[in-house]
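Spelled out from the first residue to the last, the chains are:
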Amino acid sequence: MTPLSPHLPRARSARSPGIVPLGLTLSLLAACGGGGGGGGGTPTSGPALIAVTFVGIGATPAAGDRLLLVFDAAVEPVPGASFDDDDVSLAGGSLGTVTAAPASTRPLTIEITLGAGVSFTPGTSTFALGADLDALRATADGARPATATTPLVIRRGDGDFPTIDTLTVESIDGELNGTGPAGGSLQIARTGVRFDVAFQDATQAAPPAAVVLSVDGDTLVDGAIVRAGRDLAGALGATTLGTGTASVRVRDGAALPIGARVATVVVIDASGMPSLPATFAFRAVQADAALRPLESGQVWYLSIDRDLESFEVRTRPPFNQPFVAIVAGANGVPDLLDVFTVLGMRTTPGIADIGDGRSSNTAVLDAFERAVLAKLAQLYEDVDVTFTFDAPGTFPSGASFAYASFGFSQICLAGAPNETGSGTLGIALVDLRNAFQDDDCDEDFAGLRLGVFLHTVANLGLETSNTAFRLAFRDVAPALGGTAIGGDPLDGERLLGTRQDSRAASIDAAITYLATVAAVVTAHECGHSMGLVANGAMPRGLYGDDPVNFPLSGNQPASNANAHIENQSLFPGSGQNIMSPAVDLDAAQSPDTKFNSLNRAYLREKALYDER
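First, a word on scope: everything that follows refers to the structure included in this document. Counting of residues starts from 1 at the beginning of each chain's written sequence and follows it residue by residue. With pLDDT at 70 or above as the cut-off, local features in this predicted model cover only qualifying residues; side-chain atom pairs require 80 or more to be listed or tallied, and sums for whole chains, interfaces and linings still use all residues. With hydrogens and water stripped out, all remaining heavy atoms of the structure feed into the side-chain values.

## Regarding the nonpolar core
Within the largest apolar cluster, 122 residues are counted, with the highest numbers of intra-cluster contacts made by F195, L256, M345, F368, Y380 and F473. At 13 residues, the largest contribution of residues to this core is made by helix 7 (residues 502-528). Only heavy atoms enter the contact rule, under which two residues are in contact if any of them lie within 4.5 Å. Discounting chain neighbours no more than four positions away, the residues touching Y380 are V385, F387, A523, C526, G527, M530, F595, R600 and L603. Buried Ala, Val, Leu, Ile, Met, Phe, Trp, Tyr and Cys residues form a nonpolar core when they are joined through side-chain atoms within 4.5 Å. Note on classification: 1.4 Å probe, protein chains only; a residue is buried when its accessible area is under 20% of the maximum for its type, exposed when over 50%, partly exposed between these limits. Runs of H or I in DSSP of at least four residues are treated as helices and runs of E of at least two as strands, each being numbered from the N terminus.

See below:
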């Protein structure tokens, strides 16, 4: 991450008690200690055999070699009972004269020591539990293992057991999912969430044969109950297997049991070798409208109409350093376009028609808007939110309205944060769980002007001699010796894309730079107005206001952590967390700048908080 210096912009947020829905509670939490995934349904049958694996020294089974029986739930030997050919259906083969009792060598696995006279062919012979099986039983309830309708091919195990490195939900990083030093308990929706596994295998480079996922509560899947401790991966049919990775999604039609739960995962590698289990504790809640931030989607209107003042470039002694001065009073031109002018992205008169009926100024604005929307779409990928520069209507007078009573929220992309300017890039309402449609264009909310302030970008870029900024604007900003877009008669062709030269690249660079900063700051401020970053650990919040466990950079005061989280350790390169309290101009340009994994899961309505 590029270090933040004192002169770099700080994205601030106004907090209003009227925006925090203090009275909302989750009424069903009182029943969280209960079990079920819902009423009705029929319990599943006994544990099923999911892998049969031969482990031996030679290619041909011999007495003393092992056969691993892997089940989808814990199974144990019946004391005093022997396990032999009478307990299985082994086509054209035999376990030999088995003298050793079956053993529980690791969870889900029964080990059979083969006897003299053993005969079968790994990779070809098939195996099934017999109808007379009496040597094994389910650990949970003593039920007899299920008899498969289709026998399993006996795999040849490589002798190396896979090792699970991590088990997470929605790939949420450890420091944010309740397992890190900040504590808390990850709270997730009952359906739609994904459990992710990363594992190692010293021998097998192929994807695993299977992953077994269970939870310690009865789960309802398509109207049938999957008992606690039984495999959900097979029941859900939504498992993705990759090299060193696996994931299981709780699909529509399934619902995790409400309350504090523990998930357990075992990976079975391609040769049939099972791992030891990994566990993950979480809370599951009913994702009703009181908890979901985007239960009916969200539309954000990006307004560029604000006209409060105008700007001009001046210089300061002794080195004649340029800066963008604020000239009080509206001038009939939106403040955003005034920023365009000082940066050389707009000129008068410009080119009246670049060849498609648009002026050069209109073409630049169109390109800027497209770039902003494209970046926002990338930052909010898979989130039920739409950004538009086309007004969906007129926002009524007032800072906010009940979420379901109005169709959109709005934020202004404009000029300066106040009449004198500052290092502030944006100010927005903090709206916990997105309970309201918000007006982040309010010009006097508790004495603050809300919006995204691109005067700050222009002023700091010129005033601080920011290298990346100067590289982007040196050929178009008059203050840096450039020619404003539209000032060269061939700029029309460059804007149309029919002339590709160094100046065309410079025009693209300038538009992209400003649009990217605008999109990142807009993503940050709109994030606040959709519930980021609630203070406190999960399930109460999203780890906002914790500068101890999530240190701030650049000598920022601890108060900057309020409603923000930096996560510098999770962004080791040039990027940074979108919801950091300070947005670095250079970091905003990095493709690695994005929402942290928990904030992203919240926006996708996978991880939820109570704010109790």
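Back to the text.
## What to know about the side chain of E369
Within the secondary structure, E369 sits in helix 3 (residues 360-379). Only four residue types enter the tally: Lys and Arg on the positive side, Asp and Glu on the negative side; His and the chain ends are excluded. The working definition used for a salt bridge is a side-chain nitrogen of Lys or Arg within 4 Å of a carboxyl oxygen of Asp or Glu. Buried charge without a partner: E369 forms no salt bridge, and the closest opposite charge is R370, 7.8 Å away. In this view, E369 contacts I304 and F389; residues no more than four positions away in its chain are not counted.

## Points about unusual backbone geometry
A cis amide bond links P317 with the next residue in sequence, P318, at an omega value of 5 degrees. The amide bond that connects L532 to the next residue, V533, takes the cis arrangement and shows omega of -10 degrees. Looking at the element boundaries, V533 is found in the loop between helix 7 and helix 8 (585-588). A positive phi angle, near 60 degrees, is found at N567, a position not held by glycine. Tracing the sequence through the fold places N567 in the loop between helix 7 and helix 8. Given the relative accessible area of 1%, N567 is considered buried.

## Remarks on the environment of L462
Note on placement: L462 falls in helix 4 (residues 454-463). The exposure class of L462 is buried, given its relative accessible area of 0%. Here the alpha-carbon distance between L462 and V313, two residues 149 residues apart in the chain, equals 9.3 Å. The residues contacting L462, other than those within four sequence positions of it, are V313, Q321, P322, V324, F469, R470, A479 and L480.

## Some points on the state of the cysteines
Should the sulfur atoms of two cysteines be covalently bonded, the bond is a disulfide. Cysteine sulfur atoms are paired as a disulfide whenever they come within 2.5 Å of each other. Evaluated as defined, the whole model comprises 1 disulfide. In this model, C412 is linked to C441 through a disulfide, with the two sulfur atoms separated by 2.2 Å. For the disulfide bridge between C412 and C441, the dihedral angle about the S-S bond is near 110 degrees, and by the sign convention the bridge is right-handed. With a gap of 29 residues between them, C412 in strand 27 (residues 409-414) and C441 in the loop between strand 29 (436-440) and strand 30 (451-453) connect regions that are remote in the sequence. Of the two residues, C412 and C441, both sit in the buried class. This cysteine, C526, is not joined by any disulfide, and C441 carries the nearest cysteine sulfur, 9.7 Å off. Judged by relative accessible area, C526 falls into the buried class, the value being 0%.

## Some details on the packing of helix 3 against helix 7
Remark: helix 3 packs on helix 7, axes separated minimally by 8 Å, with the N-to-C direction vectors making an angle of 45 degrees. By the angle class used here, helix 3 and helix 7 are oblique. Note on packing geometry: the crossing formed by helix 3 with helix 7 is right-handed. Where helix 3 approaches helix 7, its residues V364, A367, F368, A371, V372, K375, L376 and L379 are matched on the opposing element by I511, L514, A515, T516, A518, A519, V520, T522 and A523. Amino acids are sorted into nonpolar (Ala, Val, Leu, Ile, Met, Phe, Trp, Tyr, Cys and Pro), charged (Asp, Glu, Lys and Arg) and polar (every other residue, Gly among them). Across the contact of helix 3 with helix 7, the residue classes tally to 14 nonpolar, 2 polar and 1 charged. Inter-axis angles, ranging from 0 to 180 degrees, are taken between N-to-C directions of lines fitted to C-alpha atoms, where helices are fitted over the stretch in contact. Oblique is the label for any angle not covered by the other classes, which are roughly parallel (under 35 degrees), roughly antiparallel (over 145) and roughly perpendicular (65 to 115). Here a crossing is called left-handed whenever its near helix is offset anticlockwise from the far helix by less than a right angle, and right-handed whenever the offset is clockwise.

## Let's talk about the packing of aromatic side chains
Two aromatic rings, taken as a pair, are described by how far apart their centres are and by the angle between their planes. When the centres of two rings from Phe, Tyr and Trp lie within 6.5 Å, Trp using its six-membered ring, the rings pair. Their planes under 30 degrees apart give stacked, over 60 give edge-to-face, and anything left gives tilted. Applying the stated criterion across every chain, the model contains 16 aromatic pairs. Among the aromatic residues, those joined into a cluster by ring pairs are Y301, F395, F401, F406 and F408. Its end group placed over the ring of F161, R106 keeps NZ or CZ at 3.7 Å from the ring centre. Ring-over charges, as used throughout, are those where CZ of Arg or NZ of Lys falls within 6 Å of the ring centre and within 35 degrees of the ring normal.

## Re helix 2 (residues 335-343)
For helix 2, the buried fraction is high: 8 of the 9 residues fall into the buried class. One or two positions beyond helix 2, positive phi appears at G344, with a value near 80 degrees.

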